[in-house]
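Residue strings, one per chain:
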Amino acid sequence: MDQEARVAEPDEAISVDELQLAARNHGMPLEALRYDVTPVGLHYLLIHYDIPDVDPATWRLDIDGAVERPLSLDLPELRSRPSQTLRVTIECAGNGRARLLPRPISQPWLVEAVGTAEWTGAPLAPLLAECGLRPDAVELVLTGADHGTERGVEQDYQRGMRLDDVLAGDLLLAYEMNGQPLPPQHGAPVRVVAPGWYGMAHVKWLQHIEVSTTAFRGFQNATAYRIRQGDEAGEPVTRMRPRALVVPPGFPDFMTRERVVDTGTHALRGRAWSGAAAVVRVEVSVDAGRSWADAELDAATGRWDWVGWSYAWTADSRGSTEILCRATDAHGDVQPVEQPWNRQGMANNAVQRVPVRVR
Ligand SMILES: Nc1nc2c(c(=O)[nH]1)N[C@H]1C(S)=C(S)[C@@H](COP(=O)(O)O)O[C@H]1N2
Ligand SMILES: [Mo]
């Protein structure tokens, strides 16, 4: 069985299968970029299989494998541990995929697969310390309660994460989102939050953490979530690349979403994030990419959530244009105007282009 997803023919339209995925896994309406913290129902969603039926009253989390003292916790036990609340922006690694040519066939995101929430939960590192990691431990295997087949491989949703990355990060076992118990679609009763990482690492409906002495070779690490051109191993998808988005100005056309604005000055606002390093610069183009100017960055509200930006646009000539924005992070990584292609459409971060008609 070929384990690679299909790539569409150059002129092949979005299929009913892709529409079915897109209808289940909705994006964040871009006007919701106005909120510092995304209201729960507006946060994007990505669920590979079904939302599993997990009873919080009987739920347990088992932590075992290469540890001195395996641990098994129920929900009240997890909730009784010291808790932490982190504001974290999460973006799906496939965001932007639908604009690639040729188009990798999967969830066809444009740019809306992102959201920011306040996640409350138990920090993971102290729980691992409590279990006593054996010296040969190298990786965690995080398993959710959901199950399905994907490209012919039957599996529980599982992700491996290197212990180095876990211990260097602020990982949480989250049981609240924006101050409320996690809703079913976001991983109830407990999910992983891995600040800075693309969405696939934030395992929902978590029920098992196995501490492993070898690198995990499961589907979601070894086959999916790779940046590659063909069938070579490629690079794993890890942290979010820089991206800026603009709150759509004016009002939209129903079908095309083209924006309509009047001549005059418009206070453009938007958000920008990067999982690798802080965003240090956002630039805006109001002439479809011919020229760029610096936007003003708001004060950061934390390391792991998006930063707001603003730019005063004086629209003095009528007609059609495009607004573009692009972020640069402290590593000097800047969003490309033309998207380099990869086989699975992962970690795309080409600049957003918003068609606008000035009247
Ligand atoms: N158990 C499980 N965890 C999962 C997934 C899944 O299908 N099953 N999808 C992952 C992907 S690909 C993304 S982008 C994020 C989406 O999180 P959200 O739906 O809460 O926004 O969850 C991740 N965690
Ligand atoms: Mo994703």
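Residues numbered from 1 in each chain as written. Chains lettered and ligands numbered in written order. Predicted model: local features only at pLDDT ≥ 70, side-chain atom pairs only at ≥ 80, totals over all residues. Heavy atoms only, no water.

S.K.: Just checking my understanding: could you explain the sheet that holds strand E17 (residues 279-285) for this structure?
M.R.: Hydrogen bonds between backbone groups are what pair the strands of a sheet, and the pairing can be parallel or antiparallel. Spatial strand order, E14-E15-E22-E21-E17-E18: six strands in an open sheet with mixed pairing. Looking at the sheet topology across the chains shown, the edges are occupied by strand E14 (251-252) and strand E18 (293-294). Examined bridge by bridge, strand E21 (residues 319-329) and strand E22 (residues 352-358) share seven bridges and lie antiparallel to one another. Bridge assignment links cysteine 325 to a residue of E22, and that residue is glutamine 352. (Pairing = 2+ DSSP bridges. Helix = DSSP H or I, 4+ residues; strand = E, 2+ residues; numbered from the N terminus.)

S.K.: Which parts of the structure should I look at to understand the domain arrangement of the protein?
M.R.: By convention, interface size is frequently given as the accessible area that disappears when the constituent parts associate. According to the domain assignment, the protein contains domain 1 (16-236) and domain 2 (243-358). Using C-alpha coordinates to define each centre, domain 1 is positioned 27 Å away from domain 2. Each partner contributes to the roughly 2,800 Å² buried at the junction of domain 1 and domain 2, and carbon and sulfur atoms together form 57% of this total. Counting the surface domain 1 buries against domain 2, the share from its top three residues, Leu33, Leu100 and Gln229, is 21%. Remark: the boundary between domain 1 and domain 2 carries two salt bridges. Notably, a salt bridge pairs aspartate 36 with arginine 271, separated by 3.0 Å at the nearest N-O pair. Our enumeration of links across domain 1 and domain 2 arrives at 21 residue pairs in polar contact (both at pLDDT 80 or more). No other element matches the four residues that strand E3 (residues 84-91) contributes to the side of domain 1 that touches domain 2. Each residue belonging to the side of domain 1 that touches domain 2 can be placed in one class, and the counts come to 17 nonpolar, eleven polar and ten charged. (Domains from an automatic or database assignment. Buried area = accessible area lost by both parts, 1.4 Å probe. Salt bridge = Lys/Arg side-chain N within 4 Å of Asp/Glu carboxyl O. Polar contact = N/O pair within 3.5 Å; in protein donor to acceptor, adjacent residues only side chain to side chain. Nonpolar A, V, L, I, M, F, W, Y, C, P; charged D, E, K, R; others polar.)

S.K.: For this particular structure, what's the right way to read the site of ligand 1?
M.R.: Around ligand 1 there are 18 residues in total, and His48, Asp146, His186, Arg191 and Lys204 lie nearest to it. In this structure, an oxygen atom belonging to ligand 1 sits 3.0 Å away from a main-chain N or O atom of leucine 46. Contact with the protein chains hides 100% of the accessible area of ligand 1, taken as 530 Å² for the molecule alone. Here the shell around ligand 1 is composed, by residue class, of ten nonpolar, five polar and three charged. (Near = heavy atom within 4 Å. Areas by Shrake-Rupley, 256 points an atom, 1.4 Å probe, with all protein chains shown as cover.)

S.K.: Would you mind going over the packing of aromatic side chains with me for this structure?
M.R.: According to the stated counting rule, one finds two aromatic pairs in the structure shown. Summarising the aromatic geometry, the rings of tyrosine 44 and tryptophan 109 are spaced 5.9 Å apart at their centres and angled 80° between planes, so their arrangement reads as edge-to-face. Within this pair, whereas tyrosine 44 is found in the loop between helix H1 (16-24) and strand E1 (60-65), its partner tryptophan 109 is found in the loop between E3 and strand E4 (114-123), the two being separated by 65 residues in sequence. The exposure classification of tyrosine 44 matches that of tryptophan 109, with both residues buried. Geometrically, the ring pair formed by tryptophan 273 and tryptophan 306 is tilted, given 6.1 Å between the ring centres and 55° between the ring planes. With tryptophan 273 in strand E16 (residues 264-273) and tryptophan 306 in the loop between strand E19 (296-297) and strand E20 (307-315), this pair connects stretches of sequence that are 33 residues apart. Here tryptophan 273 matches tryptophan 306 in class, with each residue buried. Above the plane of the ring of tryptophan 292 lies arginine 326, whose end atom (NZ or CZ) is 3.9 Å from the centre. (Phe/Tyr/Trp six-rings, centres within 6.5 Å; stacked < 30°, edge-to-face > 60°. Buried < 20%, exposed > 50% of the residue type's maximum accessible area, 1.4 Å probe, protein only. Lys NZ or Arg CZ within 6 Å of the ring centre and 35° of its normal.)

S.K.: What is the right way to read the sheet that holds E1 from this model?
M.R.: Reading across the sheet, the five strands line up as E2-E1-E10-E5-E6 and stay open at both edges, with mixed pairing between neighbours. Both edges of this open sheet fall to strand E2 (71-74) and strand E6 (153-162), since each of them pairs with a single strand only. Taking the axes of each pair of neighbouring strands and ignoring which way they run, one obtains an average angle of 20° across the sheet. Both strand E5 (residues 139-150) and strand E10 (residues 206-212) contribute to a ladder of six bridges, which runs antiparallel. Residue pairing across strands places valine 141 opposite glutamate 210, the latter belonging to E10. The sheet contacts of helix H3 (residues 124-131) involve E1, E2, E5 and E10, and relative to E2 the element is tilted by about 135°. (Axes fitted to C-alpha atoms, helices over the stretch in contact; angles between N-to-C directions. Contact = heavy atoms within 4.5 Å.)

S.K.: Would you mind showing me how to read the side chain of serine 212 here?
M.R.: Note that serine 212 resides in strand E10. We classify serine 212 as buried; its relative accessible area is 9%. Beyond its immediate chain neighbours, meaning those up to four positions away, serine 212 contacts Asp136, Ala137, Val138, Glu139 and Val141.

S.K.: Where do I start with the pairing of E10 in this structure?
M.R.: Side-chain positions along a regular strand alternate between the two faces of the sheet. In this structure, E1 lies alongside E10, joined through four bridges in parallel fashion. Following the sheet pairing, aspartate 62 is matched in E10 by histidine 208.

S.K.: Explain H3 here, please?
M.R.: An α-helical turn contains 3.6 residues, so any two residues separated by three or four positions project in the same direction. Considered for burial, the residues of H3 that qualify are Leu124, Leu127, Leu128 and Cys131. Projected down its long axis, H3 carries its buried residues within an arc of 100°, all on one side. Downstream of H3 by one or two residues, glycine 132 has phi in the positive range, about 75°. (Arc of directions from axis to C-beta.)

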